[in-house]
Amino acid sequence: MRVVVDSIRMREADRLTIEMLNSNGIILMEHAGTACVRELEKEFGRRLIEKKVLCIAGKGNNGGDAIVVARQLKSKGVNVKLILLAKPDDYKGDARFQLEIIRNYPVEIEVIDKDRSDGLEVFRKNLSESDIVVDGIFGTGLSKPVEGFYRKIIDAINNDFNGFVLSVDIPSGLFADKSTDIYSHIKANLTVTFGKIKPCHVLYPASKSCGRVVEDWITIPDFVFEKVGEYFYLIGKDDIKPLKKDFPPDSHKGTFGHAGIISGEKGKLGASILASFAALKSGCGLSTVYIEESDYPFVSSFYPEVMFYLAKVKNSDDFLTEFLNTKSAVLIGQGLGVGEYQKSLVKKVIKLFDKPIVFDADVFKNFTVDEFAEYTKGKEIVLTPHPGEMSSFTGYSTKEIQENRIEVAKEVSLKTGAVVVLKGYQTVIANREKVFVNTTGTSALGTAGSGDVLGGIITSLICQGYSLINAVLLGVISHGLAGEIAENAEGREGVTAGSLIDKISKALNYGIE
Ligand SMILES: NC(=O)C1=CN([C@@H]2O[C@H](COP(=O)(O)OP(=O)(O)OC[C@H]3O[C@@H](n4cnc5c(N)ncnc54)[C@H](OP(=O)(O)O)[C@@H]3O)[C@@H](O)[C@H]2O)[C@@H](O)CC1
Ligand SMILES: [K+]
């Protein structure tokens, strides 16, 4: 699990380091520059000395870092030139301090600011004479999308420069805390970031523009980050092993729990069968699908391991009570359909069952989040909407949700008390305390029934006694990994929900002897 901080937390970490530890910005800036130089040395080895490096400094502290890089490279005998994108008098604070120092070094410095009529022409000439660009235009202090003069500078680097681009902290123009890549920004080969990684380094599509990302601590101790807290945790396959529970050797079907899957409408019963088999393949002891008696002939022959509870009338308190009585956790929503009948079925399950419930798919089309929260107060619940379902549930457009995945997942979790799983590329998981972003998965998971399989896995893990949050983390990571394993074996086109089910166990045992 990697800690990701946003720019506010990062600024707070800088501030605490300076105040609590009697450090100062100049020291941190020196370490930031040193980290960039070290990474360039790693990248180019002895050839670095043959390269021409163009350090480009905006007037903020990101520019200050780039000035340190220029000075240190010069001290190592590298051919370096410094471009200032503002007049020297506009540089303030630590960046100004760095400018005063570098003036004592034999570094060529050229001012190319917005008032210079031949600025762009001269800038392009500089680019054409360079092998490496160090981008210190904007970092975490970007306040609005880049336009005008700076945009032209960024476009020139992206379009007219064929060499290597190292971005200092953030590719200039990307917003540190956002996943969006729609505004003008640098496309880097390497980004060296300070303290901890920021959202833009790991959230797609912004992450595409960062190249390889290196995190350097610039001497900010971990106890400072413990004080400021994380924005979210990045999770992946290496977290599977630490999340896994040990079961004693005398464990039996009872230990592993009994999953209950409440089926949907005729024609969509397959979703529940898939979820039920996925639950078994994820380790629960028993799995039973609740169906209407008349549906039985359609589903009886799929998987012999899956059991069925046949209700004469599905929406009956008596049948539901008898079914729910023996279950460790239930899953409801897949293929459910929309309408009053469905709503009342969901409400009954909430009323009659006092153990964890996983809600999926059509549940989110039957309720608004506020209405739903009224019914589920005090319950242990998991919600697994995809962005379209989240849109019906919350009233936000799918676009708004996709641009603010973390905030939306957090908000729904706060309103409902649920562990929220906002599906999609880089699934977001939120409970009231923490947010996680998953890194496993592939576009091959975009196949019919893939979400049903995830619902089954999570329900199964809850049945086995995992806490809700751990069941969700383990479920989401291993579902994504099962997709990767299936894609490697069968190619993207070949992956179906069935192939995911086949690979779950392998994924759940990743890294375990
Ligand atoms: N704090 C520390 O101790 C350490 C910080 N470190 C480094 O500092 C970086 C953060 O520095 P920062 O806060 O000075 O902001 P930065 O990204 O340089 O940019 C601000 C400048 O850009 C301008 N500007 C903004 N948006 C604009 C736009 N769209 N178009 C045009 N102009 C725009 C803005 O001008 P303003 O809007 O204020 O007029 C201001 O002048 C951080 O990423 C890391 O690299 C490290 O050295 C480690 C220690
Ligand atoms: K930058």
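Bear in mind the structure is a predicted one, so any value in this text is a computation, not a measurement. (Residues numbered from 1 in each chain as written. Chains lettered and ligands numbered in written order. Predicted model: local features only at pLDDT ≥ 70, side-chain atom pairs only at ≥ 80, totals over all residues. Heavy atoms only, no water.)

Before going further, it helps to spend a moment on the site of ligand 1. The environment of ligand 1 is made up of 20 residues, and the closest members are Asn62, Asp65, Gly139, Lys144 and Asp169. At 2.9 Å, a backbone N or O of threonine 140 approaches an oxygen atom of ligand 1. Lysine 144 places a main-chain nitrogen or oxygen 2.7 Å from a nitrogen atom of ligand 1. The fraction of the free accessible surface of ligand 1 (940 Å²) that becomes covered by protein chains is 76%. Residue assignment for the shell around ligand 1 shows that the elements contributing at least two residues are helix H2 (25-44) and helix H3 (61-75). A per-element tally of the shell around ligand 1 places H3 first, with three residues. Partitioning the shell around ligand 1 into residue classes produces eight nonpolar, seven polar and five charged. (Near = heavy atom within 4 Å. Polar contact = N/O pair within 3.5 Å; in protein donor to acceptor, adjacent residues only side chain to side chain. Areas by Shrake-Rupley, 256 points an atom, 1.4 Å probe, with all protein chains shown as cover. Helix = DSSP H or I, 4+ residues; strand = E, 2+ residues; numbered from the N terminus. Nonpolar A, V, L, I, M, F, W, Y, C, P; charged D, E, K, R; others polar.)

Every α-helix carries 3.6 residues per turn, so stepping three or four residues along brings you back to the same face. Given a rise of 1.5 Å per residue, 13 residues ought to cover 18 Å, and the 18 Å separating the end C-alpha atoms of helix H14 (residues 340-352) matches this to within 8%. Of the positions making up H14, those classed as buried are Gln342, Lys343, Leu345, Val346, Val349 and Ile350. Along the axis of H14, the buried residues cluster in a sector spanning 160°; they form a single face. Within H14, the exposed residues directed more than 90 degrees away from the buried face are Glu340 and Lys351. Looking at the buried side of H14, the elements it contacts are strand S10 (258-262), helix H13 (317-324), strand S13 (329-332), strand S14 (357-360), helix H15 (363-366) and helix H16 (369-376). (Expected span 1.5 Å × (residues − 1). Buried < 20%, exposed > 50% of the residue type's maximum accessible area, 1.4 Å probe, protein only. Arc of directions from axis to C-beta. Contact = heavy atoms within 4.5 Å.)

A cluster of nonpolar side chains, Met20, Leu21 and Phe223, forms an exposed patch at the surface whose accessible area comes to about 260 Å². Along the chain, the position of phenylalanine 223 falls in helix H8 (residues 222-228). For phenylalanine 223, a relative accessible area of 45% translates into the label partly exposed. (Patch = residues over 30% accessible without salt bridge, like charges linked within 9 Å, V, L, I, M, F, W, Y side chains within 5 Å. Salt bridge = Lys/Arg side-chain N within 4 Å of Asp/Glu carboxyl O.)

Quick look at the sheet that holds strand S2 (residues 52-57) now. The strand order across the open sheet formed by seven strands is S4-S3-S2-S5-S6-S7-S8, and the pairing between neighbours is parallel. Only two strands of the sheet have a single partner each, and these edge strands are strand S4 (108-111) and strand S8 (212-216). Across this sheet, the average inter-strand angle for adjacent strands is 20°, counted without regard to direction. Looking at chain direction, strand S3 (residues 79-84) and S4 are connected through four bridges and run parallel. If you follow leucine 82 over to S4, its bridge partner there is isoleucine 109. (Pairing = 2+ DSSP bridges. Axes fitted to C-alpha atoms, helices over the stretch in contact; angles between N-to-C directions.)

Considering all chains together, one arrives at zero disulfides under this definition. Of all cysteine sulfurs, the one in cysteine 36 lies closest to cysteine 55, which takes part in no disulfide; the gap is 9.0 Å. The buried category is assigned to cysteine 55, whose relative accessible area is 0%. Sulfur of cysteine 284: no disulfide; nearest cysteine sulfur belongs to cysteine 463 and is 5.3 Å away. (Disulfide = S-S within 2.5 Å.)

Bringing the UniProt feature "binding site: K(+)" (unreviewed entry) in the protein chain into the picture now. The UniProt record annotates "binding site: K(+)" (unreviewed entry) at Asn62, Asp135 and Ser172. A stretch of 111 residues holds the annotated residues, and the largest C-alpha distance among them is 9.3 Å, short enough that they meet in one place. Examined against the element boundaries, aspartate 135 turns out to sit in strand S5 (residues 132-136). Filtering out sequence-adjacent residues up to four positions away, aspartate 135 remains in contact with Ile56, Asn62, Val165, Leu166, Ser167, Val168, Ile170, Pro171, Ser172 and Ile186. (UniProt positions renumbered as here; feature names shortened; annotations may be inferred.)

Further remarks concern the side chain of serine 272. Summarising the element assignment, serine 272 is placed in helix H11 (residues 269-281). The class for serine 272 is buried, based on a relative accessible area of 1%.

As enumerated under the stated definition, the model contains 18 aromatic pairs in all. Taking 5.3 Å as the distance between ring centres and 65° as the angle between the ring planes, the aromatic pair formed by phenylalanine 149 and tyrosine 150 counts as edge-to-face. The pair phenylalanine 149 / tyrosine 150 is uniform in exposure class, with both members buried. Ring geometry for phenylalanine 364 versus phenylalanine 393: centroids 5.1 Å apart, planes at 75°, classification edge-to-face. One end of the pair, phenylalanine 364, is in helix H15; the other, phenylalanine 393, is in helix H17 (residues 387-394), with 29 residues separating them in the sequence. The same class applies to phenylalanine 364 as to phenylalanine 393, namely buried. Through a chain of ring-to-ring contacts, the aromatic side chains of Phe359, Phe364, Phe367, Phe372, Tyr375 and Phe393 assemble into a single cluster. The positively charged end of lysine 196 is found above the aromatic ring belonging to phenylalanine 225, 5.2 Å away from the centroid. A cation over an aromatic ring shows up here: lysine 245 above the ring of tyrosine 466, its NZ or CZ 5.8 Å from the ring centre. (Phe/Tyr/Trp six-rings, centres within 6.5 Å; stacked < 30°, edge-to-face > 60°. Lys NZ or Arg CZ within 6 Å of the ring centre and 35° of its normal.)

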